[in-house]
Amino acid sequence: MSRQPLRLAIMEAERILADAGVASPRVDAELIAAHVLGVERGKLMMVPLVDRQVVEAIGQLVHQRAKRIPLQHLLGWAVMGTVTLEVGPGVFVPRPETELLLEWGLTFLAGRENPVVVDLCTGTGALAIAVAAARPDAEVHAVEIDTTALAWARRNMASSRVKLHAGDVADPDLFAELHAQVDLVLCNPPYVPAGTPVPPEVGEHDPARAVFAGSDGLTVIRHVVNLAARLLTPGGAVAIEHDDSQRESVPGLLTNRKVLTDVEDHDDLAGRPRFATAIRTS
């Protein structure tokens, strides 16, 4: 059976995905090809020719991706920091921009021994698992309210030291045993204002409960700020991801809590406001 250049298959995949409005057609095409071949994306150049069956398998996944099914659902995984997580229908897919929040948190923890870390609205468990992998000395807790997301988190945490809890960030008794004992609170909550247009990958496949949060997008974040103020030990920090329309509102909520200081907002790599941080006063 004749073999075909992989390069041409990837170019055709990129064209199809671009025509479908996929934001990163070349990257997605290469990741799909790597997935079918069972190699790392960076090693695709070492596979110049492929069988027709490989081209057909790539094409099948490309046509599904062109329907705006999330790439991570097709591959079955997503990455956060140094860890790979299982993902699929019913749970929010971790996004690359959240890596910046993770990096900030890990930098903050540098020099702190045996830190206590809490990941609120954990979803797949991405932030909690990534912190635990980077800091084996940390005591890491994660909480999630949605039962489907909890199932995904349990699967991802099967070999992790993270302590997973079922709970609601609006519960005033949540983590009562950790009052004023936490060094770092991380949170990637639902924060999109209701009615905001979102890509099909989000609107049709991410759970609405994990995306939207009231008319201003702050319904969950308000509870997160209050919970963080209660959990943090003096000198501890909180980092909360937010919508790019909330550059002032989320830092404002943090500033309104007198026990929180050094409030800052941080941009993502595209220059859009992405997450806010604060420190618990001593």
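As a reminder, the structure under discussion sits directly above these lines.
Values in this document were obtained by computation on a predicted structure and should not be read as measured data. (Residues numbered from 1 in each chain as written. Predicted model: local features only at pLDDT ≥ 70, side-chain atom pairs only at ≥ 80, totals over all residues. Heavy atoms only, no water.)

**With respect to the pattern of salt bridges**
Point 1. Inspection of the entire model under this criterion finds 18 salt bridges.
Point 2. Between Asp51 and Arg3 there is a salt bridge, with the nearest N and O atoms lying 3.2 Å from each other. Pair noted here: Asp51 is in the loop between strand 2 (49-50) and helix 3 (52-66) and Arg3 is in the segment before strand 1 (4-5), with a separation of 48 residues, a long-range link.
Point 3. For Asp51, a relative accessible area of 32% gives the class partly exposed.
Point 4. With a shortest N-O distance of 3.1 Å, Glu14 and Arg26 are connected by a salt bridge. (Salt bridge = Lys/Arg side-chain N within 4 Å of Asp/Glu carboxyl O. Helix = DSSP H or I, 4+ residues; strand = E, 2+ residues; numbered from the N terminus. Buried < 20%, exposed > 50% of the residue type's maximum accessible area, 1.4 Å probe, protein only.)

**Here's the deal with the pairing of strand 6 (residues 139-144)**
Point 1. Of all 6 residues in strand 6, 5 are buried, a share of seventy percent or more.
Point 2. When strand 5 (residues 116-120) meets strand 6, the two strands line up parallel, connected through 5 bridges. Counterpart to Val118 in the pairing with strand 6 is His141.
Point 3. Once the chain exits strand 5 it traverses helix 6 (residues 126-134) before rejoining the sheet at strand 6, and the crossover so formed is right-handed.
Point 4. For strand 6 and strand 7 (residues 163-166), the ladder comprises 4 bridges, and the chain directions are parallel. Looking at the pairing, Glu144 lines up with Ala166 of strand 7.
Point 5. Crossover strand 6 to strand 7 through helix 7 (residues 147-156) is right-handed. (Pairing = 2+ DSSP bridges. Right-handed = clockwise from strand over helix to strand, strands pointing away.)

**Considering the environment of Gly125**
Point 1. Position of Gly125 relative to the elements: it lies in the loop between strand 5 and helix 6.
Point 2. As for Gly125 and Pro94, which are separated by 31 residues in sequence, their C-alpha atoms are 9.3 Å apart.
Point 3. Apart from residues lying up to four places away in sequence, Gly125 is in contact with Leu85, Ala153 and Met157. (Contact = heavy atoms within 4.5 Å.)

**Regarding helix 10 (residues 249-256)**
Point 1. Of all the residues in helix 10, the buried ones are Val250, Pro251, Leu253 and Leu254. Seen from one end, helix 10 has its buried residues packed into an arc of 155 degrees, which puts them on one side.
Point 2. The secondary structure elements touched by the buried residues of helix 10 are helix 9 (219-231), strand 9 (232-241), strand 10 (260-267) and strand 11 (273-280). (Arc of directions from axis to C-beta.)

**Describing helix 7**
Point 1. Looking only at helix 7, the buried set comprises Ala149, Leu150, Trp152, Ala153 and Asn156. Along the axis of helix 7, the buried residues cluster in a sector spanning 160 degrees; they form a single face.
Point 2. Buried residues belonging to helix 7 abut strand 4 (83-86), helix 6, strand 6 and strand 7.
Point 3. You can read the cap of helix 7 off the contacts: a side-chain oxygen lies 3.1 Å from the backbone nitrogen of Thr148, and it is on Asp146. (Polar contact = N/O pair within 3.5 Å; in protein donor to acceptor, adjacent residues only side chain to side chain.)

**A short note on the nonpolar core**
Point 1. Ranked by internal contacts, the top residues of the largest apolar core, which has 35 residues, are Leu120 and Val169.
Point 2. Broken down by secondary-structure element, the contributors of at least two residues to this core are strand 5, strand 8 (182-187), helix 9, strand 9, helix 10 and strand 11.
Point 3. In terms of residue count, the dominant contributor to this core is helix 9 (8 residues).
Point 4. Beyond its immediate sequence surroundings of up to four residues, Leu120 is in contact with Val143, Val169, Phe175, Val185, Leu186, Cys187, Asn188, Val224 and Leu227.
Point 5. By size, the runner-up hydrophobic cluster in this structure holds 28 residues, among which are Met80, Val83, Leu109 and Ala138. (Core = buried A, V, L, I, M, F, W, Y, C linked by side-chain atoms within 4.5 Å.)

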